[in-house]
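These are the residues of each chain, in order.
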Amino acid sequence: MVNKLIYQEKFINIIKHSIPNNISLANEISSVLDISLDSAYRRLRCETDLTLNEVVMLSHHFDVPLEALNDEIPNVVTFKFSKELENESNFKDYLNNIAMDLGYLSKFELNNLIFAAEDIPVFHHFYFKKLSNFKLFYWMKSIIGLKELQTQSFEFDNINPELGEIGDKIADTYSIINSTEIWTDETISSTLKQVKFYWDAGFFNQTETAITILDELQQLIQQLQKQAEFGKKINRKGNMTSQDYTMYHSDLMIGNNCVVIEANEKQSTYISYNSFNSMRTSNKFFNDQSKVWINNLKSKSTLISGVAEKQRNQFFKSNNRKIEDLKTYILNN
């Protein structure tokens, strides 16, 4: 006969590994289940069975799917996914969720955000206000398809300031998390294509607007080059932090944005789909496969942070040249 408490003990251990060390699990369980602290401890020690309702409540609160107990079924994976964005309120929630996820990750003593970047990681845009305003407008008008924006051209001041404030929070939190990023020669291309498309479509009222966006994109590239040179993050004030920044240049196509986060012993994988949406799982087997893929990609890439000065300078020089080429195109057309 199977000892049913094996599953309770396993479930409790998964929860323990999913929260920062400075959080009292007993206090959290007591609050979530509305039981005494002594009752919470009895459940932690497996002296009292967790009911099905209690397991579901804890699963939702700690973001631990019941599928996490199914390590013996490696081909079954449960994902959480972001809903289709339909309006500015949804988009605001989407940005807030990014800020919350980063804030949660930052609380772990050992943290790392590994980003295989088909496009420029979203966090970087929010260091530069005019560039981020363009990206926010583009995402809402051209990706989400907000009706109220379809007849509008882009102006720097037609973005809800609340979105920019959330962006500031995202950038501030990103700067205190250790990161590893894998870029290709095409990572910058999507942003360049977006600017060119808006220029060709007449969505800029002034040439200066498009040039200013590209100026800030160059500032973004310059900041990344400095981070890569010193191997440390830079915050929104322009100061070097103590957080590690590791950067690779890959000659291989990545195919889609893939993010693996490491928080102490916990891992999660985010996979992008349908342009803006993402799926997330904490499944051990899937995360192990993601890490194998990431490590294989890194092994075939060039480490350009801290070392390989020649390759690093060539990579960023190439990106700056692409930006200058688009500036020339805009000024001549």
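Thresholds applied
Residues numbered from 1 in each chain as written. Predicted model: local features only at pLDDT ≥ 70, side-chain atom pairs only at ≥ 80, totals over all residues. Heavy atoms only, no water. Helix = DSSP H or I, 4+ residues; strand = E, 2+ residues; numbered from the N terminus. Rg over C-alpha atoms; globule rule 2.2 N^0.38 Å. Buried < 20%, exposed > 50% of the residue type's maximum accessible area, 1.4 Å probe, protein only. Contact = heavy atoms within 4.5 Å. Areas by Shrake-Rupley, 256 points an atom, 1.4 Å probe, with all protein chains shown as cover. Lys, Arg positive; Asp, Glu negative; His and termini not counted. Charge placed at Lys NZ, Arg CZ, Asp CG, Glu CD. Salt bridge = Lys/Arg side-chain N within 4 Å of Asp/Glu carboxyl O. Core = buried A, V, L, I, M, F, W, Y, C linked by side-chain atoms within 4.5 Å. Expected span 1.5 Å × (residues − 1). Axes fitted to C-alpha atoms, helices over the stretch in contact; angles between N-to-C directions. Parallel < 35°, antiparallel > 145°, perpendicular 65-115°, else oblique. Left-handed = near helix turned anticlockwise from the far one by under 90°. Nonpolar A, V, L, I, M, F, W, Y, C, P; charged D, E, K, R; others polar. Phe/Tyr/Trp six-rings, centres within 6.5 Å; stacked < 30°, edge-to-face > 60°.

Asker: What am I meant to see in the overall build of the protein here?
Answerer: On a plain count of helices and strands, the protein comes out with twelve helices and nine strands. Against the 2.2 N^0.38 benchmark of 20 Å for 333 residues, the protein shows a C-alpha radius of gyration of 22 Å, consistent with a compact globule. Structurally, the protein occupies a C-alpha span of about 80 × 45 × 40 Å along its principal axes. In the protein, which comprises 333 residues, the share counted as buried stands at 48%. If you take every contact in the protein between residues at least 6 apart in sequence, the share linking residues at least 24 apart comes to 71%. In the form shown here, the protein has an accessible surface area of approximately 16,700 Å², with 49% of it arising from carbon and sulfur atoms. Distance between charge centres in the protein, computed from 35 positive and 42 negative side chains, equals 3 Å.

Asker: I keep staring at the pattern of salt bridges and nothing clicks. Help me out?
Answerer: Side chains that differ in charge, positive against negative, can pair when their charged atoms come close. Scanning the model with the defined rule gives 13 salt bridges in all. Here D244 makes a salt bridge to K232, at a shortest N to O gap of 2.6 Å. Here the residue D244 occupies a position in strand β5 (residues 240-250), and K232 occupies one in strand β4 (residues 232-234), the gap between them amounting to twelve residues. Look at D244 and you get partly exposed, because its relative accessible area is 37%. Among the charged side chains, a salt-bridge network with shared partners connects K129, D168, D172 and R236.

Asker: Help me understand the nonpolar core, please; the structure alone is not making it clear to me.
Answerer: Soluble, globular proteins show a tendency: their nonpolar side chains are buried together. Ranked by size, the top nonpolar core spans 64 residues in total, and within it F91, L95, L113, F123, I170, W183 and F204 carry the most contacts. Examining the composition of this core, we find that nine residues originate from one element, helix α10 (residues 207-230), more than from any other. In this structure, F204 is in contact with F134, F154, V195, Y198, W199, T209, A210 and I213, ignoring residues within four places of it in sequence. Among the nonpolar cores identified, the runner-up in size contains 17 residues, and F11, I15, L58 and F62 belong to it.

Asker: Sorry if this is basic, but what is going on with helix α9 (residues 189-200) here?
Answerer: With twelve residues, α9 should reach 16 Å at 1.5 Å per residue; the first-to-last C-alpha distance of 16 Å fits that figure. All buried positions along α9 are accounted for by S189, S190, T191, L192, Q194, V195, Y198 and W199. Check the buried side of α9 and you find it contacts α6 (122-125), α7 (129-144), α10 and α12 (309-332). Residue G202 follows α9 closely and has a positive phi angle near 80°.

Asker: Would you mind going over the packing of helix α5 (residues 88-106) against α7 with me for this structure?
Answerer: The packing of two helices is summarised by the inter-axis angle and the distance between the axes. With their axes 12 Å apart at the nearest point, α5 and α7 run at an angle of 125° to one another. If you check the angle between α5 and α7, you find them oblique. Considering only the axes of α5 and α7, their crossing is right-handed. Each of E88, F91 and L95 in α5 lies in contact with α7, whose residues at this interface are L136, W139, M140 and I144.

Asker: Would you mind showing me how to read the environment of G164 here?
Answerer: Positionally, G164 belongs in helix α8 (residues 161-174). Sequence separation of G164 and S272 is 108 residues, and the distance between their C-alpha atoms is 23 Å.

Asker: Looking at this structure, I do not really get the packing of α9 against α12. What am I missing?
Answerer: One can describe the packing of α9 onto α12 by two numbers: an axis separation of 11 Å at closest approach and a directional angle of 0°. Put simply, α9 runs roughly parallel to α12. Only K322, I323, L326, Y329 and I330 of α12 make contact with α9, whose side of the interface consists of L192, V195, K196, W199 and D200. Taken together, the residues of the contact of α9 with α12 sort by class into seven nonpolar, no polar and three charged.

Asker: Would you take a moment to explain the packing of aromatic side chains for this structure?
Answerer: Two aromatic rings are characterised by how far apart their centres lie and by the angle between their planes. This model, assessed by the stated rule, comprises 21 aromatic pairs. Relative to Y198, the ring of F137 has its centre 6.3 Å away and its plane inclined at 85°; by these criteria the two rings are edge-to-face. Here F137 is found in helix α7, whereas its partner Y198 is found in helix α9, with 61 residues between them in sequence. On the basis of relative accessibility, which here comes to 0%, the residue F137 falls in the buried class. Taking the centre distance of 5.0 Å and the plane angle of 75° together, the rings of Y198 and F203 count as edge-to-face. Three or more aromatic residues joined by ring pairs make a cluster, and in this case those are F134, F137, Y138, F154, F156, F197, Y198, F203 and F204.

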